[in-house]
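Each chain, written out:
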Amino acid sequence: MEITADQIIAFVERVAASIKAERDYLTQLDAAIGDADHGLNLDRGFSVVITKLPAVADKDIGSILKTVGMTLVSTVGGASGPLYGTAFLRAGMVIGDRQTIGTINLIGAFESALEGIQSRGKSTRGEKTMIDAIAPGIEAFKAAHFNGVDLLGALEQGLVACEEGMQATIPMLATKGRASYLGERSIGHQDPGATSAYLIAKALVETVRR
Amino acid sequence: MKKLINAPEDVVSEALAGMAAAHADLIRVHADPFLIVRADAPIAGKVGIISGGGSGHEPMHGGFVGRGMLDAACPGHIFTSPVPDQILAAIHAVDAGRGVLQIVKNYTGDVMNFAMAAELAAAEGIQVATVVTDDDVAVENSTWTAGRRGVGITVLLEKIVGAAAEAGADLATLTALAQHVNAEGRSMGMALTACTVPHVGRPGFDLPEDEIELGIGIHGEPGRHRVAMAPAAQIAAMLATPILEDLPFQHGDQVLAFVNGMGGTPLIELYVMYHELNKLLTAQGIHIRRRLIGNYITALDMAGCAFTLLRLDDHLTQLWDAPVLTPALRWGI
């Protein structure tokens with residue numbers, strides 16, 4: 001089983017809808033430890049992304065993802081614009097002109113996206129960021145694949161780990177981003193970036209599951 | 001929420017339209033992307049000085065565009081950094097061939113977006129240098145945070161470096177000067193109330209009537225400590241002491257004292273705070289050689305204030321005194 005370019009378009013549309021639906025929730029999470037704009041900024045970015053999709057609807061997966069990345073960089077601002085923008089750009093570069101993508105290529109795309117986030121954000125696991133949801137998700141996805149689980153099954157296992165990673169940010173002390181200025185008062189709140197990363201992963205799994 | 005707005009999503013563009021109408025002699029305002037550019041930019045033979053950041057801190061940065069200060073400012077959405085294409089457009093608008101200096105406050109998003117813009121400009125062969133301000137002593141442990149935030153020193157730095165650029169200094173000299181000003185300055189702020197972001201519609205945090213938040217930033221984010229409300233003299237000491245100890249400022253030092261309002265505090269209270277700061281510094285043998293009092297780097301409608309002290313020498317004092325003509329700061333012309 002491989003993921004098609006049409007499914008990638010459907011995935012991006014699903015992300016946009018999910019971010020819009022959860023906009024106020026993301027903003028509430030951000031109000032607790034940041035500056036209350038995470039949901040608003042991502043919704044603004046993905047709303048513009050939606051308008052760019054028709055132009056790339058018949059293109060390869062790399063072109064679709066690069067368009068998403070460029071649009072996010074140009075519209076979101078804050079830290080999440082460069083981070084998610086870089087992630088989609090890197091994934092698009094790895095996938096290139098393919099019309100379908102299997103598990104091995106998906107692992108390469110995920111890992112390159114994560115590397116992009118880490119180098120742009122100068123951050124690593126355990127700092128209460130989106131990385132704490134993304135990295136365990138990729139690890140579980142890889143492990144499942146090498147244990148012989150099929151693409152959808154591996155994605156499902158990755159999503160479970162991603163959700164656990166998101167929840168694991170609650171007791172963490174933030175040491176990166178604006179939440180770090182709260183010191184110990186950042187403890188007890190779920191990271192908004194980890195939450196939006198989970199929503200994106202969930203949209204991918206739901207798209208493939210259909 | 002009661003605010004003098006039409007719709008939350010139109011606040012930034014309508015405020016920019018107002019600035020354009022009010023200050024057409026000094027600045028040009030672009031709507032897409034948002035840019036405020038000095039009316040006569042690019043200036044032949046001059047290094048371009050740009051800055052930017054989220055909106056909601058007015059008059060910073062757009063109010064500081066003009067002769068003797070910034071060549072362009074990139075306002076983002078409220079409390080959200082500008083995006084790389086927007087910053088690149090500012091670089092294009094001010095580059096006269098001698099390079100461009102970006103002045104960036106140390107916030108994760110601002111640093112990343114300006115870094116991406118600098119990479120794009122470098123790919124086009126434009127010389128870009130970046131100086132990141134990080135003067136906020138409220139951030140006690142830089143190792144375990146994103147580092148000290150850039151706050152009040154940014155205003156003083158933009159004035160001083162802008163004066164040196166106007167006098168013809170090259171990019172390397174201006175970069176070194178900016179780093180020097182940042183290194184010689186320290187700030188600390190406090191809030192009496194939280195601010196309300198228009199699209200959120202309620203205050204960013206709850207602050208009881210009898211408590212204040214110490215060590216706040218400029219984005220309505222909570223501070224490091226919450227303490228009981230106290231008379232101005234005690235609050236002044238809570239702000240000044242960590243500043244003085246950190247550099248440290250010493251007996252005999254000459255300083256520029258900046259008492260900044262957070263946006264919702266009347267000037268009469270800022271002068272009470274200046275009076276207290278003056279007494280504190282005098283008692284320690286520190287001489288206030290220059291001062292700035294008012295709302296210059298704000299957090300929307302937050303009530304509260306911040307102190308910034310910059311150690312002055314004759315050179316910095318001359319640059320501070322040099323003529324400036326911008327919407328928010330003007331003297332000597």
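Up top is the structure.
Note that the structure is a prediction, hence the values are computed from the model and not measured. (Residues numbered from 1 in each chain as written. Chains lettered and ligands numbered in written order. Predicted model: local features only at pLDDT ≥ 70, side-chain atom pairs only at ≥ 80, totals over all residues. Heavy atoms only, no water.)

1. What about the sheet that holds strand E3 (residues 48-55) of chain B?
All names here are of chain B.
Argument step 1. Pairing in this open sheet of 6 strands is mixed, and the strands run E1-E2-E4-E3-E5-E6 from one edge to the other. Both edges of this open sheet fall to strand E1 (27-30) and strand E6 (128-133), since each of them pairs with a single strand only. Strand-to-strand, the axes of this sheet are offset by a mean angle of 20°, without reference to chain direction.
Argument step 2. Here strand E5 (residues 100-105) pairs with E6 via 6 bridges, running parallel. Counted as the bridge partner of Val100 is Val128 from E6.
Argument step 3. Along the sheet face, helix H1 (residues 11-22) touches E1, strand E2 (35-38), E3 and strand E4 (72-78) and points at about 150° away from the line of E4. (Pairing = 2+ DSSP bridges. Helix = DSSP H or I, 4+ residues; strand = E, 2+ residues; numbered from the N terminus. Axes fitted to C-alpha atoms, helices over the stretch in contact; angles between N-to-C directions. Contact = heavy atoms within 4.5 Å.)

2. What to know about the sheet that holds strand E11 (residues 287-294) of chain B
Residue and element names in this part refer to chain B.
Argument step 1. One open sheet accounts for 6 strands, arranged E9-E8-E7-E12-E10-E11; its pairing is mixed. Looking at the sheet topology across the chains shown, the edges are occupied by strand E9 (225-228) and E11. Across the sheet, the mean angle separating the axes of adjacent strands is 20° when strand polarity is ignored.
Argument step 2. Here strand E7 (residues 185-191) pairs with strand E12 (residues 304-311) via 7 bridges, running antiparallel. Paired with Met188 across the bridge in E12 is Phe307.

3. Things to note about the environment of A:Pro54
Argument step 1. In this fold, A:Pro54 is placed in helix H3 (residues 38-56).
Argument step 2. Taking the C-alpha atoms as reference, A:Pro54 lies 32 Å from A:Gln28; in sequence the two are 26 residues apart.

4. As for the packing of helix H4 (residues 153-166) of chain B against helix H5 (residues 171-183) of chain B
All names here are of chain B.
Argument step 1. In the contact formed by H4 and H5, the axes pass within 10 Å of each other and the chain directions differ by 150°. If you check the angle between H4 and H5, you find them roughly antiparallel. Note on packing geometry: the crossing formed by H4 with H5 is right-handed. Facing H4, whose interface residues are Ile153, Leu157, Ile160, Val161, Ala164 and Ala165, H5 presents Leu174, Leu177, Ala178, Val181 and Asn182.
Argument step 2. Among the residues forming the contact of H4 with H5, the class breakdown is 10 nonpolar, 1 polar and no charged. (Parallel < 35°, antiparallel > 145°, perpendicular 65-115°, else oblique. Left-handed = near helix turned anticlockwise from the far one by under 90°. Nonpolar A, V, L, I, M, F, W, Y, C, P; charged D, E, K, R; others polar.)

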